[in-house]
There are 2 protein chains.
Amino acid sequence: MQSYPSYLLENAVNQLSKLPGIGKKSALRLALHLLKQEQQDVADFAQAILLLKNEVKYCNVCKNISDTEVCQICSDTSRQTDVVCVVETIKEVMLIENTGQYRGLYHVLGGVISPIDGVHPSDLEIESLVQRVKQGGVKEVVLALSTTMEGDTTSYYIARKLAGCEVTLTTIARGVSVGDELQYADELTLGKSIVNRVPYKN
Amino acid sequence: MQSYPSYLLENAVNQLSKLPGIGKKSALRLALHLLKQEQQDVADFAQAILLLKNEVKYCNVCKNISDTEVCQICSDTSRQTDVVCVVETIKEVMLIENTGQYRGLYHVLGGVISPIDGVHPSDLEIESLVQRVKQGGVKEVVLALSTTMEGDTTSYYIARKLAGCEVTLTTIARGVSVGDELQYADELTLGKSIVNRVPYKN
């Protein structure tokens, strides 16, 4: 049982230790670090967090976080508007954007179906995806969810929901990582790589 | 180069990544975590940090952080007021307090003398320590600084400053850790253990 010389310190440590991956010891280190900073810097720090929570918007179209009603990606006219990539969170949007290989749009579900965690289809942005497809203009929906039971269930659920729509469903390729040696790949991945082989290009 | 879907997110990530040991990736994880919390919880989080920085006081006597003008330790009449343990930061106060083995008071220097880092004696609470001793009532000053060059320099500087005062100077014992095997102790530590041997008690 740690005893703190100040209630304010104890409170700050308790709050900081609520962050994922931050224990009480790290939280104390962070609190003492903040205490050493200039008052204005700490104010900016707190303000940035408050603004993030209170002012950030979610794009009307793709549900990605955004500073505007419609996000930068959805309002970018140079992008391919007939391809929509379905992802779990905005983290995957950022990861795919960073590859620089995708020019279509996104749809952020906000998670995957997981009854055990209390996440049901109605908690996710699935209905808005179906509506978006039904409004027309979308030719391809790329399912880019995790290959976990929950991810697969969600992909299957979305596929069923979109069954009547004239849209091509695709999923991202699974295979041996670029640069990986075959002997270290797991069987399932290597199997997918063989089955979904692509034409060889020089 | 990471591109963020929102300036507010980017700003929060930049602020969070200023914390020690938090890189851009961890900062993004923390920001997305905060975004998922309730508005009130995030407000409490930011408030705790602001209060820590803006409202925390430093004890008039020992310079430890405190919620009051004189800290809990200095105002605790059951403590031994004639022994003062000199430490670098409030962290060491907490560590020593947690041992439950010390009943005297403290004096927090705020660091150690390190000209290379621009820390000079005048930047530390050395003068206030000397004044405190000169006011009388202190019989023993325990130097509990790091055994680094900077720590040793600081101990030496304080010893010189207190040379004229009628006060016993002591330093915490260095030796083989409790539970450690002798063969794994370094020579310097084992040497100190031998030289500063104490009477054997059953």
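Residues numbered from 1 in each chain as written. Chains lettered and ligands numbered in written order. Predicted model: local features only at pLDDT ≥ 70, side-chain atom pairs only at ≥ 80, totals over all residues. Heavy atoms only, no water.

Draft legend 1. Local environment of the overall build of chain A. Broken down by element type, chain A carries seven helices and six strands. Along chain A, helices and strands appear, N-terminal first, in the series α-α-α-β-β-β-α-β-α-β-α-β-α. Against the globule reference of 17 Å for 202 residues, chain A gives a C-alpha radius of gyration of 22 Å, more extended than a compact globule. The principal-axis extents of the C-alpha atoms in chain A amount to approximately 65 × 45 × 40 Å. Here chain A holds 202 residues, and 38% of them are scored as buried. Sequence separation of 24 or more characterises 48% of the internal contacts of chain A that already satisfy a separation of 6 or more. (Helix = DSSP H or I, 4+ residues; strand = E, 2+ residues; numbered from the N terminus. Rg over C-alpha atoms; globule rule 2.2 N^0.38 Å. Buried < 20%, exposed > 50% of the residue type's maximum accessible area, 1.4 Å probe, protein only. Contact = heavy atoms within 4.5 Å.)

Draft legend 2. Main features of the pairing of strand β5 (residues 140–143) of chain A. Residues and elements named next belong to chain A. Judged from the four bridges that link them, strand β3 (residues 83–87) and β5 form a sheet pairing that is parallel. The residue of β5 that forms the bridge with Val 84 is Val 141. Across four bridges, β5 lies against strand β6 (residues 168–171) in parallel orientation. What sits directly across from Val 142, in β6, is Thr 170. Viewed along the sheet, the connection from β5 through helix α6 (residues 149–161) into β6 turns out right-handed. (Pairing = 2+ DSSP bridges. Right-handed = clockwise from strand over helix to strand, strands pointing away.)

Draft legend 3. Quick look at the sheet that holds β3(A). All names here are of chain A. Pairing is parallel in the open sheet, where four strands are placed in the order β4-β3-β5-β6. Each edge of the open sheet is held by one strand with a lone partner, namely β4 (105–108) and β6. Strand after strand, the sheet turns through a mean of 25 degrees between neighbouring axes, direction not considered. Contacting β3, β4 and β5, helix α5 (residues 126–134) crosses the sheet at an angle of about 150 degrees to β4. (Axes fitted to C-alpha atoms, helices over the stretch in contact; angles between N-to-C directions.)

Draft legend 4. Geometry of the confidence of the model for chain A. Residue and element names in this part refer to chain A. Averaged over chain A, the pLDDT score is 90; the fraction of residues at 70 or greater is 99%. By mean pLDDT, the top-scoring element of chain A is β4 (96), and the lowest-scoring one is helix α7 (residues 187–195) (82). Scored by ipTM, the complex comes to 0.80, with pTM at 0.78. (pLDDT = per-residue confidence, 0-100.)

Draft legend 5. Main features of the environment of Val195(A). Tracing the backbone shows Val195(A) in helix α7. Considered as a pair, Val195(A) and Gln47(A) are 148 residues apart in the sequence and their alpha carbons are 52 Å apart.

Draft legend 6. How the structure looks around the interface of chain B and chain A. Between chain B and chain A, the residue contacts involve 54 residues of the former and 54 residues of the latter. Of the roughly 5100 Å² buried between chain B and chain A on both sides combined, carbon and sulfur atoms contribute 71%. Linking chain B with chain A are zero salt bridges, by the criterion used here. Looking at the side of chain B that touches chain A, the elements that each hand over two or more residues are α1 (7–16), α2 (24–36), α3 (39–55), β2 (65–66) and α4 (90–99) of chain B. Looking at the side of chain B that touches chain A element by element, the count peaks at 15 residues for α3(B). Residues belonging to the side of chain B that touches chain A are distributed by class as follows: 31 nonpolar, 13 polar and ten charged. (Buried area = accessible area lost by both parts, 1.4 Å probe. Salt bridge = Lys/Arg side-chain N within 4 Å of Asp/Glu carboxyl O. Nonpolar A, V, L, I, M, F, W, Y, C, P; charged D, E, K, R; others polar.)

Draft legend 7. Layout of the sheet that holds strand β4 (residues 105–108) of chain B. Residue and element names in this part refer to chain B. What the four strands build is an open sheet, ordered β4-β3-β5-β6; its pairing is parallel. The sheet is open, and its two borders are formed by β4 and β6 (168–171), each paired with just one other strand. The average angle at which neighbouring strand axes cross in this sheet is 25 degrees, direction not considered. Most of the contacts of α4 go to β4, to which it runs at about 160 degrees, and overall it touches β3 (83–87) and β4.

Draft legend 8. Geometry of unusual backbone geometry. Its identity as a non-glycine residue notwithstanding, Lys63(A) has a phi of 70 degrees, on the positive side. Among the structural elements, Lys63(A) can be located in the loop between β1 (57–58) and β2 (65–66).

Draft legend 9. Spotlight on the environment of Leu109(B). Within the element layout of this structure, Leu109(B) appears in the loop between β4 and α5 (126–134). With residues up to four places along the chain from it excluded, the contact list for Leu109(B) reads Val86(B), Val87(B), Glu88(B), Leu124(B), Glu125(B), Ile126(B), Leu145(B), Thr154(B) and Ile158(B).

Draft legend 10. Spotlight on the environment of Val138(B). All names here are of chain B. Note on placement: Val 138 falls in the loop between α5 and β5 (140–143). The class of Val 138 is buried, set by a relative accessible area of 10%. Counting along the chain gives 30 residues from Val 138 to Thr 168, while the straight-line C-alpha distance between them is 8.9 Å. Non-local contacts of Val 138, meaning those with residues more than four positions away in its chain, are made with Asp 82, Val 84, Arg 132, Val 133, Glu 166 and Val 167.

Draft legend 11. Structural view of the domain arrangement of chain A. Once the domains are mapped, chain A shows domain 1 (7–55) and domain 2 (75–199). Once you take the C-alpha centre of each, domain 1 of chain A and domain 2 of chain A turn out to be 36 Å apart. (Domains from an automatic or database assignment.)

Draft legend 12. The arrangement of the packing of helix α1 (residues 7–16) of chain A against α3(B) in detail. Look at α1(A) against α3(B): their axes get within 9 Å of each other, and the N-to-C directions meet at 145 degrees. Where α1(A) crosses over α3(B), the handedness of that crossing is left-handed. Contacts from Leu8(A), Leu9(A), Asn11(A), Ala12(A), Gln15(A) and Leu16(A) of α1(A) reach α3(B) at Asp41(B), Asp44(B), Phe45(B), Ala48(B), Ile49(B), Leu51(B), Leu52(B) and Glu55(B). The residue inventory of the contact of α1(A) with α3(B), partitioned by class, reads nine nonpolar, two polar and three charged. (Left-handed = near helix turned anticlockwise from the far one by under 90°.)

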